[in-house]
Amino acid sequence: MELAVGNIVTGKVTTITRFGAFVALPGGKSGLVHISEVAPAFVSDVHDFLTEGQEVPVKILDITPEGKINLSVKQAMPKPERPARREPAFRRPEAAQPAALPAEPAEQTFEDKLKQFMTVSDSKQSELSRYMAGKRGGSRRRK
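Remember, predicted model here, so these are calculated numbers, not experimental data.

Cut-offs applied
- Residues numbered from 1 in each chain as written.
- Predicted model: local features only at pLDDT ≥ 70, side-chain atom pairs only at ≥ 80, totals over all residues.
- Heavy atoms only, no water.
- Helix = DSSP H or I, 4+ residues; strand = E, 2+ residues; numbered from the N terminus.
- Buried < 20%, exposed > 50% of the residue type's maximum accessible area, 1.4 Å probe, protein only.
- Contact = heavy atoms within 4.5 Å.
- Areas by Shrake-Rupley, 256 points an atom, 1.4 Å probe, with all protein chains shown as cover.
- Pairing = 2+ DSSP bridges.
- Core = buried A, V, L, I, M, F, W, Y, C linked by side-chain atoms within 4.5 Å.
- Lys, Arg positive; Asp, Glu negative; His and termini not counted.
- Salt bridge = Lys/Arg side-chain N within 4 Å of Asp/Glu carboxyl O.
- Polar contact = N/O pair within 3.5 Å; in protein donor to acceptor, adjacent residues only side chain to side chain.

Visitor: Would you mind showing me how to read the overall build of the chain here?
Guide: Looking only at helices and strands, one finds 1 helix and 5 strands in the chain. Here the chain holds 143 residues, and the buried ones make up 19% of them. Long-range pairs, those at least 24 residues apart, make up 49% of the contacts in the chain with a sequence separation of at least 6. When the accessible area of the chain is evaluated, it comes to approximately 11,900 Å², of which 55% is carbon and sulfur surface.

Okay, structure coming up:
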């Protein structure tokens, strides 16, 4: 089998480094799987995902003029299916109010809404004031 960009081949992990893993490919060649191409999740240690001697499918990303082969395990895996997108409740006429959620109280008056807003606003303002006082060193002065 010829090694060409875009092909997916099976290789054997030969060496693991802090920046990736070297994989032996068919035909006696070897290539590097960079740490960013090991898995779809964040990888801080390649040993968490690969072991030496493990056979892995790899996609050939690039072959440089010098003969270096860049590989990806992440791109050789099938893409996970994304969950179906839900339509917002205001677009679905059948979803007026979910049964599991408690119903909101009857219409609030303007004064009730204003009182609730002022309570939340005051608590946020006091939190911000305490935070900023800590940043400025508080009310004490250093000597």
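Having seen the structure, we can now continue with the description.
Visitor: I keep staring at the environment of Ile-69 and nothing clicks. Help me out?
Guide: Here Ile-69 shows up in strand β5 (residues 69–72). As a C-alpha pair, Ile-69 and Val-23 span 46 residues in sequence and 9.8 Å in three-dimensional space. Residue contacts for Ile-69: discarding those within four places in its chain leaves Leu-3, Leu-25, Lys-29, Ser-30, Gly-31, Leu-32, Ile-60, Asp-62 and Ile-63.

Visitor: Looking at this structure, I do not really get the pairing of strand β1 (residues 8–17). What am I missing?
Guide: Note on strand geometry: in a regular strand, side chains alternate between the two faces of the sheet. Pairing of β1 with strand β4 (residues 55–63), which is carried by 5 bridges, proceeds in the antiparallel orientation. Across the sheet, residue Gly-11 finds its bridge partner in β4, namely Val-56. Judged from the 5 bridges that link them, β1 and strand β2 (residues 20–24) form a sheet pairing that is antiparallel. Bridging across to β2, Val-13 finds its partner in Val-23.

Visitor: Would you mind showing me how to read the nonpolar core here?
Guide: Generally speaking, nonpolar side chains in soluble globular proteins are found buried as a group. Leu-25, Val-33, Val-38, Val-46, Leu-50, Val-58 and Leu-71 are the most contacted members of the largest nonpolar core, which totals 20 residues. Of all elements in the fold, only β1, β2, β4 and β5 reach the threshold of two or more residues within this core. Filtering out sequence-adjacent residues up to four positions away, Val-46 remains in contact with Ile-16, Thr-17, Gly-20, Ala-21, Ile-35 and Val-38.

Visitor: Could you clarify how one ought to interpret the side chain of Glu-37 in this entry?
Guide: Within the fold, Glu-37 resides in the loop between β3 (30–34) and β4. For the buried Glu-37, which has no salt bridge, the nearest side chain bearing the opposite charge is Lys-74, at an N-O separation of 4.3 Å. Only 3.3 Å separates the side chain of Glu-37 from the side chain of Gln-75, close enough to count as a polar contact. Those residues in contact with Glu-37, other than ones at most four positions away along the chain, are Leu-61, Leu-71, Ser-72, Val-73, Lys-74 and Gln-75.

Visitor: For this particular structure, what's the right way to read the pairing of β3?
Guide: Taking every second residue as pointing to the same face, the buried face of β3 carries Gly-31 and Val-33, while none of Ser-30, Leu-32 and His-34 on the other face is buried. As defined by bridge partners, β2 adjoins β3 across 5 bridges and the pair is classed as antiparallel. Of the residues in β3, the one forming a bridge with Val-23 is Gly-31. Pairing analysis gives 2 bridges linking β3 to β5, with the strands arranged parallel. Within the sheet, the bridge partner assigned to Val-33 lies in β5 and is Leu-71.

Taken by themselves, the reported measurements are silent on function.
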